[in-house]
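As a plain string of letters, each chain reads:
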Amino acid sequence: MSDEEHHFESKADAGASKTFPQQAGTIRKNGYIVIKGRPCKVVEVSTSKTGKHGHAKCHFVGIDIFNGKKLEDIVPSSHNCDVPHVTRTDYQLIDISEDGFVSLLTENGNTKDDLRLPTDENLLSQIKDGFESGKDLVVSVQCAMGEEQINALKDIGPK
């Protein structure tokens, strides 16, 4: 045993993986997949027949869940693909700051102040208009691979 002290860096997460493997042939439309390092929602899947010596191939077309870009990938159906852990959490909107960040109330009563307003113009105007008119708003935050973004809005009535 030594007398020196040990210091450990603490991290916010428990070290859980941001993705999990899934066989390419089992991924279906409306599922999620990682294409070129980005979490995507699958909008189209097509499978080609095997060649003389080859594997059947799956052609995935996905839309990035955060920026809406269309990405494509072709993977042998027997190989594993990364599938992101996608979660959605609802928070009550408390405040909108001038620099574009929102203040949200979590379920346990703490505030979450590290999220920006969404870039989607339609959703952005709905949130701003609803907040300015004094409505109680609940925003839905989608989280995958360490990224978070507001992607939906619910009105729960006036304050």
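One numbering rule holds for all chains: residues counted from 1, following each sequence as written. At least 70 in pLDDT is required for a residue's local features to be given in this predicted model, at least 80 for side-chain atom pairs to be given and counted, and no such filter applies to totals for whole chains, interfaces and linings, which use all residues. Just so you know, side-chain values use all the structure's heavy atoms and leave hydrogens and water out.

Enquirer: Outline the sheet that holds strand β5 (residues 70-76), supporting the account with residue identities and numerical values.
Expert: A pair of strands is considered paired only if DSSP assigns at least 2 bridges between the two. Put simply, DSSP marks the helices as runs of H or I at least four residues long and the strands as runs of E at least two long, and each gets a number from the N terminus on. Taken in spatial order, the four strands make up an open sheet running β2-β3-β4-β5, and their pairing is antiparallel. Unpaired on one side and paired on the other, β2 (32-35) and β5 mark the two borders of the sheet. Within this sheet the neighbouring strands show an average axis-to-axis angle of 45°, counted without direction. Relative to strand β4 (residues 57-64), strand β3 (residues 38-48) runs antiparallel, the two being bridged by eight bridges. Note that in β4 the partner of V42 across the bridge is G62. Whenever a helix is involved, its axis is fitted only over the stretch in contact; in every case the axis is a line through C-alpha atoms, and angles between N-to-C directions fall within 0 to 180 degrees.

Enquirer: Help me get a handle on unusual backbone geometry, residues and values and all.
Expert: Located in the positive-phi region is N30, a residue other than glycine, with phi close to 75°. Relative to the elements of secondary structure, N30 occurs in the loop between β1 (19-23) and β2. Phi is positive for K36, which is not a glycine, with a value near 50°. Structurally, K36 is set in the loop between β2 and β3.

Enquirer: Explain the environment of I156 to me, and be specific about the residues and the numbers.
Expert: Within the element layout of this structure, I156 appears in strand β11 (residues 147-158). Note on contacts: a residue pair is in contact if any heavy atoms of the two residues lie within 4.5 Å. With residues near it in sequence (within four places) discarded, I156 still touches D136 and V138.

Enquirer: Lay out the state of the cysteines in plain terms, naming residues and giving numbers.
Expert: Defined by distance alone, a disulfide is two cysteine sulfur atoms within 2.5 Å. In total, this model carries zero disulfides according to the counting rule given. For the unlinked cysteine C58, the closest cysteine sulfur is that of C81, found at 7.5 Å.

Enquirer: Quick one: what's the story with the side chain of S140, residue by residue and with numbers?
Expert: As for its position among the elements, S140 is in strand β10 (residues 135-144). Only protein chains enter the calculation, and the probe is 1.4 Å; a residue is then buried if its accessible area is under 20% of its type maximum, exposed if over 50%, and partly exposed in between. The class for S140 is buried, based on a relative accessible area of 5%. Other than its neighbours up to four places away in sequence, S140 contacts R88, T89, D90, Q149, I150, N151 and A152.

Enquirer: Mind laying out the nonpolar core, listing which residues take part and the relevant values?
Expert: Working definition of a nonpolar core: buried Ala, Val, Leu, Ile, Met, Phe, Trp, Tyr and Cys residues. They are joined through side-chain atoms within 4.5 Å. The biggest cluster of nonpolar side chains holds 14 residues, and the ones touching the most others in it are L93, V102, L104, I127, V139, V141 and I150. Elements supplying a minimum of two residues to this core: β7 (86-96), β8 (101-105), α1 (121-132) and β10. Once you skip the residues sitting within four places of it in the chain, V102 turns out to touch L93, D95, I96, K112, D113, L115, L117 and I150. Within the second largest apolar cluster, twelve residues are counted, among which are V42, F60, V75 and V83.

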